[in-house]
Each structure stands twice: as C-alpha cells, then as structure tokens.
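Structure at a glance
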Amino acid sequence: MQKEKEIQQLVDSLEGYLHQKTKGDLHYSDLSKIFKRIIRLDEERFSEYIKRMPTHILGDILETFNERMLKESLHALSLKKMIGTIKKMDSDDATDLLQDIEELDEELAESILDGLDNKEQEEIQRLKGYEEDEAGAYMQIEFFAANHNETVRETIENLRKLKYSEELENITSVFVIGDYNNLVATVQLEDMLLFDFDKSFKEIISKRPEKYKPRYVNDKEEIEKVVIDFKEYDLQVIPVIDADNYLVGRITADDIYDLLQEMATEQIYNMAGLDEETEKEKNVIEIIKKRGRWLFINLWTAILASFVISRFEGTISAIPTLAVLMPIVASMGGNGGTQTLAVMVRQLALGEIDETNWSYQMTKEVIVASVNGVIFALFIGGITYLWVRDIRMAIIIAIAMVINLIVAGVSGGMIPIILKKFKIDPAVGSSVILTTITDVIGFFAFLGLAEMFILN
C-alpha cells in the first residue's frame, strides 16, 4: 500500500510537469531524482515516463543516470527520440552522453551519430578527438562572438535573436574577434549596457585595452590548470583558442563544477585503492577482482611489517609488554602520515603546490609532525610509566613515537610529490606506501630501542 502511494506521488509529479502545471518548479535534477526513485519501485512506469519526456530536457536527465538507468532508458527510447535529444543538447554535453551510450551499445551510438547533420557530427567528432586531460575535451563549441568592427547595437540585436530562437544559453560575455576569427577581447554583458551603442567594439576597446584583455586557455592545455584559473580569478566562463589563436569554444563554470565533483570522487576512491567505474559495476566478480589487486599489495606490505616484528621475536618473548604497546606507535604514525598525505594530495590537485613552493610546505609539515611527536611522546610516555612502572619503557616508546611521527610527516609529504613528478596520480597508491613505511619504521624503532637499552 505504501509502495503504491509513493509511486502515485511520483507519477503525479511527472504528470504535472508534462502538462505544464509544475514545469516552472521542476529542474532537470528534480526530475532525475524522481526517475531514480521510480525505477526502484516500478520499472514499467520508469520506461513509460522516460519515453514521454520532451527532448529539450531529456538529455540533461539522461546525463545524471548511472549505467543501469541509462541502459533501461535506451531500451525504452526510440532512435528518433535519441537523435532529437542529442540535437537539443550543447555540444560538450551531447558528446559526453554519446560516449556513455557508446560504452553500452556501440552500434546504437553510431546510428545516433549518423542521424545528425554533418555540422553536428563534425563538432562531436572534434570534441571526442581531445585527450581526457585536455581543455578542449570540456569545452562547448556554442559561444557568442562579435566582430570588432560591429557596433554594440548590432551585437545586442544579434544576441536578442539568438536568445529568442533558444540557440544559445548561459551567456555572460561577448567574445570579440578580429577579421581572422582571432580572439582580441572579452566584454561582460553588464559593461555593454554602459557603451555608446553606435560605436564599434574596436573604438571602445582601443580606449581601455587592458580592461578588455581576454583571459583564455589553449584547447590543448591541461584541464587542471583551467580549474585553477576558474578558482583564482572567480571566472564564470573562459574562451578556448587553438594553436593559431582562433576562437574555437568556451568552458563554463558549470562544467568546472561537474569536473571538480568528478575529481573529488576519483581521489576518494583512489586513496582507498578503488576504481569508480569498477564500483559502479553490477558484476560482483569484477568488483572482487579489482579490489583484490590492492588487497594483495596490502597483504605483502603487512607481511613486510610482520617480517620486521619477527626479527625481534626474542625481544618480545623476553618483554611481553612490547607486544601490547607496539601497535600504538605504528597506529599513531599511520594516522599522522595520513593527515599530511590528505593535505598534500588536495593542494597538488588544486595547483597550490608546485616546484617553486613545495619545500616550504614540506618544512611546515615536518615542524607540525615534530611538535606533535614531542607532545604525544610525553603523553604516551607518562601513561606507559603509570601502566608498567618502567621508566626505560616509557622513554623508549616516547622516542619511538617522535621518530615515527616525524617519518610519517616527511613520508606523507614526499610520497605524493614524488608520484606527481613521475606523472602518477598522487592519490593512487600513496596510502599503501605510507602505511608500509610507518608500520616498518614504527615497529623497528620501538623494538630496536627496546632490545638495545633493556635487553643489552
């Protein structure tokens, strides 16, 4: 009964949108949430209503779906509907959706592409030609530009026509181009309202060239640098040029927000040794295999730590208290190193650390690790003395704590920098390497000092 009631509520929301009753209230993300709920309750209703969604919003909805939902949607939607949907989308979003479809059904993706006109096909093929880490892969070819010889009045009239025909959206700037389609200036729409409408952009820009000097990116530039530009200069849009300085597209803030979310998600998975795409798999065997690879590596690092412990088997037998206390040293080192590691990986991802300032950050991390090492060494030393009533044991664990926290700070800082230098994602594998170092050093320092100063 409760299930039917919830289905009816979802259906009512969709019917309200389709009959214009709630169109102004429902964003495509709201519709996406409704579909994500309804597919769990009634797959037939899901298929029925996904077919009824208008093409101007269907693409945005499909882009939010996971693999299973997209697959169900493709089974329900006709080829004609999919072609119409792709046509309504911005070039970058259309390319992304088509690539998602291609991963599920290459033949269908090819049929959809064949159904587009030549210009649309060329745009999508061009965007698909960029590498995943290049700015061009994230740009959209639709932008608003004006020749520098045009008057402001002519430009405003052109913009009005394009907006009225819904050919362009999310326009905040005019890209002013020269006679050879080369980018010469960027003008905010709000600034245009203050211009003399009968003057050309060339006349206006010549009076204050620095104000309208364009900030741009090259289509082959690394997307990470583009993300940094958006953050540092609080950009809403940035033009994209090719090697010949021709204006070829734009990247908007919403694309960067999506990218940041993807990057954050990827880093979280990578820090745990997981793969986002694998975790979306419905095939449990595939997930087991992918996770098992990292677990296998972790197993060998654990064996290495155990080997170090085994070298002090006689010491532990003679002083059983060591077995109780030694996990504290390793655990504190691991946690301290992970803190440093998280900070360094984030700052590397945001471009806040490079070859010019990494030594400053490392110095700071070593100081923090050293101070924390001394503080917690005194703390654990005091507790140990009260516990076992052995001043030598208290001093040994305190010294081992200082050593391991300093090593953890240095390792947590250096590992991601070294991986970055070798063009390896710093988030991938850093935690495994760090844990190995802090475990080995922690056990070796504590047990070695105990053997040296208590047994001998």
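Keep in mind it's a predicted model, so treat the numbers as computed, not measured.

This paragraph deals with the sheet that holds strand β5 (residues 237-241). One open sheet holds the three strands; their spatial order is β4-β5-β6, and the pairing between them is mixed. The sheet is open, and its two edges are formed by β4 (217-218) and β6 (247-252), each paired on a single side. Alignment of β5 against β6, held across five bridges, turns out to be antiparallel. Its bridge partner lying in β6, Ile241 is registered against Leu247. Where helix α13 (residues 223-233) meets the sheet, it contacts β4, β5 and β6, and its direction lies at approximately 60 degrees from that of β6.

Let us look at the packing of aromatic side chains. The way to describe two aromatic rings as a pair is by their centre distance and the angle between their planes. Inspection of every chain in the model, using the stated rule, returns seven aromatic pairs. Residues Phe46 and Phe65 carry aromatic rings whose centres are separated by 5.9 Å and whose planes lie at 45 degrees to one another, so their mutual orientation is tilted. Here Phe65 lies in the loop between α4 (55-63) and α5 (67-76) and Phe46 lies in helix α3 (residues 43-52), a separation of 19 residues in the sequence. Neither residue differs from the other here; Phe46 and Phe65 are each classed as buried. Between Phe296 and Trp300 the ring centres are 6.2 Å apart and the planes differ by 75 degrees, which places this aromatic pair in the edge-to-face class. In this pair, Phe296 and Trp300 both sit in helix α16 (residues 284-310), four residues apart, roughly one turn of the helix.

Sheet analysis places strand β2 (residues 173-177) next to strand β3 (residues 183-188), joined by five bridges and oriented antiparallel. Residue Phe175 lies in a different strand from β3, and its bridge partner there is Thr186. The turn joining β2 and β3, which pair antiparallel and follow one another in sequence, is formed by five residues; a positive phi near 65 degrees is taken by Asn181.

Turning to the sheet that holds β3, a few remarks are in order. Taken in spatial order, the three strands make up an open sheet running β1-β2-β3, and their pairing is mixed. Of all the strands in the sheet, the pair left with one neighbour each is β1 (145-147) and β3. On average, each strand axis in the sheet is tilted by 30 degrees relative to the strand beside it, whichever way the strands run. Pairing of β1 with β2, which is carried by three bridges, proceeds in the parallel orientation. Residue Ala145 lies in a different strand from β2, and its bridge partner there is Phe175.

Criteria and thresholds
- Residues numbered from 1 in each chain as written.
- Predicted model: local features only at pLDDT ≥ 70, side-chain atom pairs only at ≥ 80, totals over all residues.
- Heavy atoms only, no water.
- Pairing = 2+ DSSP bridges.
- Helix = DSSP H or I, 4+ residues; strand = E, 2+ residues; numbered from the N terminus.
- Contact = heavy atoms within 4.5 Å.
- Axes fitted to C-alpha atoms, helices over the stretch in contact; angles between N-to-C directions.
- Phe/Tyr/Trp six-rings, centres within 6.5 Å; stacked < 30°, edge-to-face > 60°.
- Buried < 20%, exposed > 50% of the residue type's maximum accessible area, 1.4 Å probe, protein only.

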